[in-house]
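Read off the chains here:
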Amino acid sequence: MTILGQLALWLALLLGAWGTVVGILGGRRGDPALIASARRTTYVLAGVISVAAISLVTALLKSDFNVAYVASYTSRNLPIAYKLSAFYGGQAGSLLFWALVLSLFAAAAQWLTPRRYSYLMPYVAAVTSFVILFFVMVTVFAANPFERLPFTPVDGRGLNPQLQNPGMVIHPPMLYLGYISITIPFAFAVAALLSKRLDMGWLHAIRKWTLISWLFLSVGITLGMWWAYVELGWGGYWAWDPVENASFLPWLTMTAFLHSVMIQEKRGMLKRWNMTLISLSFLLSIFGTFITRSGVISSVHSFTQSSVGYFFLAFLGLSIVGVVVLIWTRASLLKTEAHLDSALSREASFFFNNLLLVGMAFSVLWGTLFPIISEVVRGTQVTVGPPFFNQVNIPIGLGLLALTGIGPLIAWRRASPRNLRRQFAAPLVLAALVALALIALGLRDFYAGMAFTIGAFVVGAIVQEFIRGTGARHRLHGENPALAFVRLVGRNRRRYGGYIVHIGIVIYFVAFAGQAFKTEIEASLKPGESVDLRSPYGHTYTFTHLGVSQYEALNRFVSAASLEITRDGKPFGRPLTSEKRQHVDSFGRPTFEPSTEAAIRYTLREDIYVVYAGSVEGTEEAVYRITINPLVTWVWIGCMVLVFGGAVTLWPGGTVGARGLRRPTESGYQARLPAEMPIEREGAEVLS
Amino acid sequence: MRAPTKVLIAGILVLGTVGYLMATGIKETGVYFVTPSELAAKVSADPSFHDVGVKMGARVVNGSIERNVATQTITFQVTDGEQTYPVVYRGLAPDTFTDDVEVVVEGRLQPDGTFRATTLLAKCGSRYEAVPGA
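The model shown is predicted, which means the values in this text are computed figures rather than measured ones.

Let's talk about the overall build of chain B
And then number 1: The helix and strand inventory of chain B stands at two helices and seven strands.
And then number 2: For chain B, the α and β elements follow one another from N to C terminus as α-β-α-β-β-β-β-β-β.
And then number 3: Against the 2.2 N^0.38 benchmark of 14 Å for 134 residues, chain B shows a C-alpha radius of gyration of 21 Å, more extended than a compact globule.
And then number 4: With 134 residues in all, chain B has 28% of them scored as buried.
And then number 5: Taking the intrachain contacts of chain B between residues at least 6 apart in sequence as the baseline, contacts between residues at least 24 apart amount to 42%.

Okay, here's the thing in structure tokens:
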């Protein structure tokens, strides 16, 4: 079977090269035969790489330990789900996974894009084929998953215990889907540049792709947080680790892009900037993969060092040069069609949103690379950690949060004093009330207080938008409020879905603010002994050590230590059990270092997080680290709200235009502002 | 003043603030990352370097780990092959902390020549990748 996979990869190399050449030639000459060939090549590539993927999966499932990759990442006693997840659990497999997903996305893009954008498609095929070619090249020449061993081990090494977790089964592919899907909008951008057709077409063609990849990135990052929280055992979910940062960077630039394309759609402004942002997002997604694979910067998430890094560096360099040259030579076609009318306008607020997002991305990139930069510049490595990132990013984040509320309230082109009063009064009053309440309740943490206050302002602004829109429909169409609400959202899905996403973001901020009140204790307890910990809400938790038990499970030896919990003297749920695990292969030989399984009690207000750190010299005296983690659950809830908002926006079907014609891209909220537009905005848009 | 000019000025102020936050952030929280020999060189060049918090990346000397569970203290030695320092760390060690592993300790060098660590990270090169031949 692996022979088949190997052959498929070689074939994919040829096809990737063919698709790139034919796509570009087809686009330039407009030759239908070449264009058709580029399109077909994209489909065949997806098929061929699927064959390679299937043959690797078969080897994993059949435990063919003669294949080095299978022996390195699985063992006979590994549950099937983890055997499957080993596909992307290691370097070589994950690169193949990347090529697979990209080839499927590329095929989907060719298949699903409406005909009116067909002038872009050969170039899109060229770009996707080229990126696929690169990834296949790396798998073939630097990290081949089909490489065989000179002998066949009786059992494999097994999967790293930290990867044996449901979160780990889904978080990397989710993140990969995010990373990889950025390639599609990027391919359209490059196609627009190559074809010199730089009107709105390409932006409309990628609208859904952009949002989908942004959603995958968001979910992937959040699942990664969840995995870190559950599996790494340090009691938090975000440590500004280089690999976490690497996933955050394209998210930031994609967020900026999602917003600034609206300015281009409405006003024909920021064209070069949008090209730059989508290219940056693509480059950062490649950079993120490079960071996790090259070992340039050490991280808990990274793979070991290998020559793969050089391939990535070369590809990054090539892409940067290509993008810069393309944008440079097309600069005259990317001229702005309008200028800013006022500093108090939605355009200006989006501009600041972009500035902050990109500023944040720059600071995160700078902090991540600072060890390298300082080594080069000063000869000594200087590292920065979470204090740096928090110090810089919390104020920027709060500024962004405020803009989340301001943007939707402020009029396009120019906001009048009347517009400002009408729109801002209620949300500001709400925010002030929340701030006073927090002070009265004794909240003294400045940043957390700001997060809650600004969050209240944003929620107030969004609720006001929903109420005003519903009210307007109710008055004008005589619909009852429920129907008016449903129609309001249904007919302006992009806008109101976006608001729901904003609510999700507010929830994230509230959850992050909760981390300011985290409390922690370390204790060494004999059975029956207990320790007290006061939660930020004023509860006193008492933890009593029940004892340590040892047993053998499926593929591991486990020692488990349990704590009984009371809150303010009353029993608080069942005891929490944290485990130390020693994974073994099917002969009982230990694989990997022992790992710790944290025990977590999730509640909406605070999580109780217990880590069993070990026993004292074979006795039942156990060392624990106990953390009370306020509001963590809201991170996961925020993510769900965000996905819901995204789903509302993406729901298929266009907006019904004024004459009942379905004009999916040019009507409703998506409509472009006429050159002479009434400057005051009095809910007119919501009535379309 | 024209709108673009106003926005430009505001933008420059925003970027200036970001730059300022970054510069002070690095100044206040940046930590030297050294090997034991580099630390020794720095201390001999400038004795006041004792008081500067550093991160030191080195390898744990085989058999040097002593754990005192009662005080939750771990003492061990780290080396880069040239210079060796004894390290005292109070707290929980990560699972991967064993003999001969690469560690990063953060803390201060004491006048008596021991390194008092406040954080201890064990790097496991094989984290996600099997060690060849293991």
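So, next bit.
Quick word on the pairing of strand β10 (residues 606-615) of chain A
Along a regular strand, successive side chains alternate from one face of the sheet to the other.
Residue and element names in this part refer to chain A.
And then number 1: Buried residues dominate β10, accounting for nine of its ten residues.
And then number 2: Two elements, strand β9 (residues 599-601) and β10, share three bridges in a ladder whose sense is antiparallel. If you follow R601 over to β10, its bridge partner there is I608.
And then number 3: Hairpin connection, β9 to β10: the antiparallel pair is bridged by four residues.
And then number 4: Hairpin remark: β10 followed by strand β11 (residues 622-630), antiparallel, with six residues in the connecting loop; positive phi at E617, about 40°.

Structural notes on helix α9 (residues 201-232) of chain A
Residues and elements named next belong to chain A.
And then number 1: Its 32 residues give α9 an end-to-end C-alpha distance of 46 Å, which sits within 8% of 46 Å, the value for a rise of 1.5 Å per residue.
And then number 2: Of all the bends in α9, the greatest, near 45°, is centred on R207.
And then number 3: Among the 32 residues that make up α9, 25 are buried, leaving the element largely enclosed by the rest of the structure.
And then number 4: Within two residues after α9, G233 carries a phi angle of roughly 70°, on the positive side.

Focus on the sheet that holds β10 of chain A
Residues and elements named next belong to chain A.
And then number 1: The strand order across the open sheet formed by four strands is β2-β11-β10-β9, and the pairing between neighbours is antiparallel. Edge positions in the sheet fall to β2 (519-525) and β9, since each of these pairs with one other strand and no more. The mean angle between the axes of side-by-side strands here comes to 15°, regardless of whether they run parallel or antiparallel.

Examining the interface of chain B and chain A
And then number 1: Taken together, the contact between chain B and chain A spans 34 residues of the former and 47 residues of the latter.
And then number 2: Among the elements of the structure, α1 (3-29) and β1 (31-34) of chain B are those that each provide at least two residues to the side of chain B that touches chain A.
And then number 3: For the side of chain B that touches chain A, the leading source of residues is α1 of chain B, giving 14 residues.
And then number 4: When grouped by side-chain class, the residues that make up the side of chain B that touches chain A number 18 nonpolar, ten polar and six charged.
And then number 5: With three bridges connecting them, strand β1 (residues 381-383) of chain A and β1 of chain B associate as antiparallel partners. Residue pairing across strands places T383 of chain A opposite V31 of chain B, the latter belonging to β1 of chain B.

Examining the domain arrangement of chain B
And then number 1: Examined at the domain level, chain B breaks down into domain 1 (1-30) and domain 2 (31-123).
And then number 2: Its C-alpha centre places domain 1 of chain B at a distance of 38 Å from the equivalent point of domain 2 of chain B.

With respect to the packing of helix α18 (residues 493-514) of chain A against helix α19 (residues 633-650) of chain A
Residue and element names in this part refer to chain A.
And then number 1: Where α18 contacts α19, the two axes come as close as 7 Å, and the packing angle between them is 170°. Relative to α19, α18 is oriented roughly antiparallel.
And then number 2: Counted by class, the contact of α18 with α19 contains 17 nonpolar, seven polar and two charged residues.

Overview of the environment of H259 of chain A
Residue and element names in this part refer to chain A.
And then number 1: Looking at where H259 falls in the secondary structure, it is placed in helix α10 (residues 242-267).
And then number 2: Residue classification places H259 among the buried residues on the basis of 20 C-beta atoms within 10 Å.
And then number 3: Counting along the chain gives 393 residues from H259 to P652, while the straight-line C-alpha distance between them is 21 Å.
And then number 4: Non-local contacts of H259, meaning those with residues more than four positions away in its chain, are made with F350, N353 and N354.

Thoughts on the nonpolar core
And then number 1: Counting 214 residues, the largest nonpolar core has F188 and A191 of chain A as the members making the most contacts within it.
And then number 2: For this core, the element with the highest residue contribution is α9 of chain A, accounting for 19 residues.
And then number 3: Counting residues in hydrophobic clusters, the runner-up holds 21 residues, among them L563, L576 and I626 of chain A together with L92 of chain B.

Describing the packing of helix α8 (residues 183-195) of chain A against α9 of chain A
Residues and elements named next belong to chain A.
And then number 1: For the pair α8 and α9, the least separation of the axes is 8 Å and the interaxial angle reads 160°. When the axis of α8 is compared with that of α9, the two are roughly antiparallel. Helix-helix and strand crossings are classified by hand; for α8 and α9 the assignment is left-handed. Residues I184, P185, F188, A189, A191 and A192 of α8 form the contact with α9, whose participating residues are W202, A205, I206, W209, T210 and S213.
And then number 2: Each residue belonging to the contact of α8 with α9 can be placed in one class, and the counts come to ten nonpolar, two polar and no charged.

A short note on α8 of chain A
Residues and elements named next belong to chain A.
And then number 1: Here α8 is 13 residues long and its end C-alpha atoms lie 18 Å apart, about the 18 Å a rise of 1.5 Å per residue gives.
And then number 2: In terms of burial, α8 is largely enclosed, as twelve of its 13 residues are buried.
And then number 3: Every buried residue of α8 is listed here: T183, I184, P185, F186, A187, F188, A189, V190, A191, A192, L193 and L194.
And then number 4: Immediately downstream of α8, the backbone of K196 shows phi near 60°, a positive value.

What counts, and at which threshold
Throughout this document, residue positions are counted from 1 along each chain, in the order its sequence is written. The lettering of chains begins at A and the numbering of ligands begins at 1, in the order of writing. Note on the predicted model: pLDDT of at least 70 is required for a residue's local features to be given, and 80 or more for side-chain atom pairs to be given and counted; whole-chain, interface and lining totals, by contrast, use all residues. Every helix listed is a DSSP run of H or I at least four residues long, and every strand listed is a run of E at least two residues long, numbered separately from the N terminus. As a reference, a globule follows 2.2 Å times the number of residues to the power 0.38, and the radius of gyration itself is taken over C-alpha atoms. Exposure is read from a count of other C-beta atoms within 10 Å of each residue's own; the residue is exposed at 12 or fewer, buried at 20 or more and partly exposed in between. C-beta atoms are placed from the backbone. Contact between two residues is assigned when their C-beta atoms, built from the backbone, lie within 7 Å. Strand pairing follows a simple DSSP-based rule, namely that at least 2 bridges must link the two strands. What a helix should span is 1.5 Å times the count of its residues minus one. At every residue, the bend is computed as the angle between two fitted axes, covering the seven residues ending there and the seven beginning there respectively. Each axis is a line fitted through C-alpha atoms, taken for helices only over the stretch in contact, and angles between the N-to-C directions span 0 to 180 degrees. When residues are grouped by polarity, Ala, Val, Leu, Ile, Met, Phe, Trp, Tyr, Cys and Pro land in nonpolar, Asp, Glu, Lys and Arg in charged, and all others, Gly among them, in polar. Domain boundaries shown here were taken from an automatic or database domain assignment. If an angle is under 35 degrees, it is roughly parallel; if it is over 145, roughly antiparallel; if it lies from 65 to 115, roughly perpendicular; otherwise it is oblique. Nonpolar core, as used here: buried Ala, Val, Leu, Ile, Met, Phe, Trp, Tyr and Cys residues forming one set through C-beta atoms within 7 Å. When the near helix sits turned anticlockwise from the far one by under a right angle, the crossing is termed left-handed; a clockwise turn instead gives a right-handed crossing.

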